Amino acid sequence: MNKIALGVASSISIYKAADIIRLFQKEDLAVRVIMTEKATRFIQPDFFTALSGEETIVNLFDRRQRPIEHIALADEISLLLIAPATANIIAKLASGLADDFLSTFYLAVKSPVLIAPAMNEAMFLHPQTQANIKKLRDNGVEFVEPEAGYLACGQTGGGRLASPEKIVQTSLRLIRRQPVFKDKLIVVTAGPTRESLDPVRFLSNRSSGKMGYELARQAYQLGAEVVLIKGPVELEPPTGVKVETVVSSEEMRQAVFKYYDQASVVIMSAAVSDFRFRQTSLKKIRKEKLTLNLELERTPDILEELGHLKRGQLLVGFAAETADLKTRASDKMKRKKLDLIVANDVSREDIGFGRDENEVYLFWPDGRERLIGKTSKRKVSQEILTEIGAMLNERKGNN
Ligand code: PMT
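Residues numbered from 1 in each chain as written. Predicted model: local features only at pLDDT ≥ 70, side-chain atom pairs only at ≥ 80, totals over all residues. Heavy atoms only, no water.

Moving on, we get to the sheet that holds strand β2 (residues 30–35). One key point about sheets: their strands pair by backbone hydrogen bonds, in either a parallel or an antiparallel sense. Read across the open sheet, the 5 strands follow the order β2-β1-β3-β4-β5; overall the sheet is parallel. The open sheet has two edge strands, β2 and β5 (142–143), and neither has a second partner. The pairing of strand β4 (residues 113–117) with β5 spans 2 bridges and is classified as parallel. Within β5, the position partnered with L114 by the bridge is E142. With respect to the sheet, helix α1 (residues 16–26) is in contact with β1 (3–8), β2 and β3 (79–85), its orientation differing from that of β1 by roughly 175°. (Pairing = 2+ DSSP bridges. Helix = DSSP H or I, 4+ residues; strand = E, 2+ residues; numbered from the N terminus. Contact = heavy atoms within 4.5 Å. Axes fitted to C-alpha atoms, helices over the stretch in contact; angles between N-to-C directions.)

With that out of the way, let us pick up the site of the ligand. Around the ligand sit 30 residues in total, of which S207, S208, K332, N344 and G354 are the nearest. One of the backbone nitrogen or oxygen atoms of G209 is found 2.8 Å away from an oxygen atom of the ligand. In the model, an oxygen atom of the ligand is placed 2.9 Å from a nitrogen or oxygen of the K336 side chain. Here the ligand loses 96% of its free accessible area of 780 Å² to cover by the protein chains. Broken down by secondary-structure element, the contributors of at least two residues to the shell around the ligand are α9 (210–221), α11 (302–308) and β16 (314–321). (Near = heavy atom within 4 Å. Polar contact = N/O pair within 3.5 Å; in protein donor to acceptor, adjacent residues only side chain to side chain. Areas by Shrake-Rupley, 256 points an atom, 1.4 Å probe, with all protein chains shown as cover.)

Looking now at the domain arrangement of the chain. Entries for the chain in the domain assignment read domain 1 (3–175) and domain 2 (179–398). When each unit is reduced to the centre of its C-alpha atoms, the spacing between domain 1 and domain 2 is 38 Å. Both faces considered, domain 1 and domain 2 share a buried interface measuring about 800 Å² in area, 38% of it formed by carbon and sulfur atoms. Looking only at domain 1, the three residues that lose the most surface to domain 2 are E27, Q169 and R173, adding up to 70% of its buried area. The shortest N-O distance in the salt bridge between R378 and E27 comes to 2.7 Å. Here domain 1 and domain 2 share 6 residue pairs in polar contact (both at pLDDT 80 or more) between them. Classifying every residue of the side of domain 1 that touches domain 2 by side-chain character gives 1 nonpolar, 2 polar and 5 charged. (Domains from an automatic or database assignment. Buried area = accessible area lost by both parts, 1.4 Å probe. Salt bridge = Lys/Arg side-chain N within 4 Å of Asp/Glu carboxyl O. Nonpolar A, V, L, I, M, F, W, Y, C, P; charged D, E, K, R; others polar.)

A few words now on the environment of A116. By the element assignment, A116 lies in strand β4. By relative accessible area, A116 is classed as buried at 0%. Counting along the chain gives 48 residues from A116 to P164, while the straight-line C-alpha distance between them is 9.8 Å. In this view, A116 contacts I82, A83, P84, A85, V144, L161 and I167; residues no more than four positions away in its chain are not counted. (Buried < 20%, exposed > 50% of the residue type's maximum accessible area, 1.4 Å probe, protein only.)

Written out as structure tokens, the structure is:
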């Protein structure tokens, strides 16, 4: 099912529901908005109808709806999200009171329910509100915690609606999670490494981190615990993912090994520098003293080391090639003892380094191969993780 029901209550943060709808639509999910009567005092239902492309529901007895709309709609959705949720709607749901469409609909819904509260801090922390939240949690309802910040009442404190990005990412995890990823730690590396010569000069490459960030985002949505080990990139980290920031290949190596024992899967999409300067300086080297033949040495090959120390982890490498994609990627897969290698042609300007799109070949040790044609890095990541899920399932079957 590709539809979300979005319940909207009467909070001043109601305007953020518009961003939430847009973010769902970007993920090819349709949204049906249900407003409480009081919410219509802030925004007209037509606003959400125009945004979502579907008639906004407010009343239980609206002749434009199907005869028993709350039951019919409950069968069509994969999630009921209430954002923003006021103290009032939370109290009503906790007590099972069904006196309008949203509260009646909640009782009919069989899919997961996610609530994003928004209210004054004192109201949120009030023992009655907390007791209502606990009761709902005990019934399996999930919450996106409100954040601290400036509130509509003029105070600063907790109780502000979480960001639309965080709400949508948490929703996607509830919809897309798969049992095979539950309690699995997936380590993803992203971006370049930077090998310093002195405090101002370094050796690096053109990796933006986009590929690795998307892999981490998709792994989180599938229900895994995710550690993203990233070189120097400026992207906003995906929600729910633990981030470790490193600079050099040696720092990346240490960070990966910190998690290796607990990891079920390691995906090395980082463009680790192959070389570093043999001699470095803590002070800026004066131009006159710089020799024109700077000596380089190889960096540790993290993936090769991981391959040799593998104890049940599933190892996925990337291969950045400009020619002989299959032969070179297959050689790397063998040498590094990988379970899967993802090869991309980095001589192409339209994919790979820095681009939002990629085209990759997947090669397996048993000779299988698959092309994922040019598409967004988000979709490429979804396909790669589908393959990883299948490999994990296969292993479970074999044990
Ligand atoms: O970051 P983006 O701008 O989105 O670009 C994505 C990408 C082009 C960087 C990505 O798709 C990609 O190809 N990543 C791998 C880049 C790379 O270093 O490839 P390689 O063929 O040189 O290395 C093979 C594998 O060994 C890689 O998994 C690499 O992470 C790993 N490696 C390499 C060197 C080293 N010292 N240690 C390693 O672990």
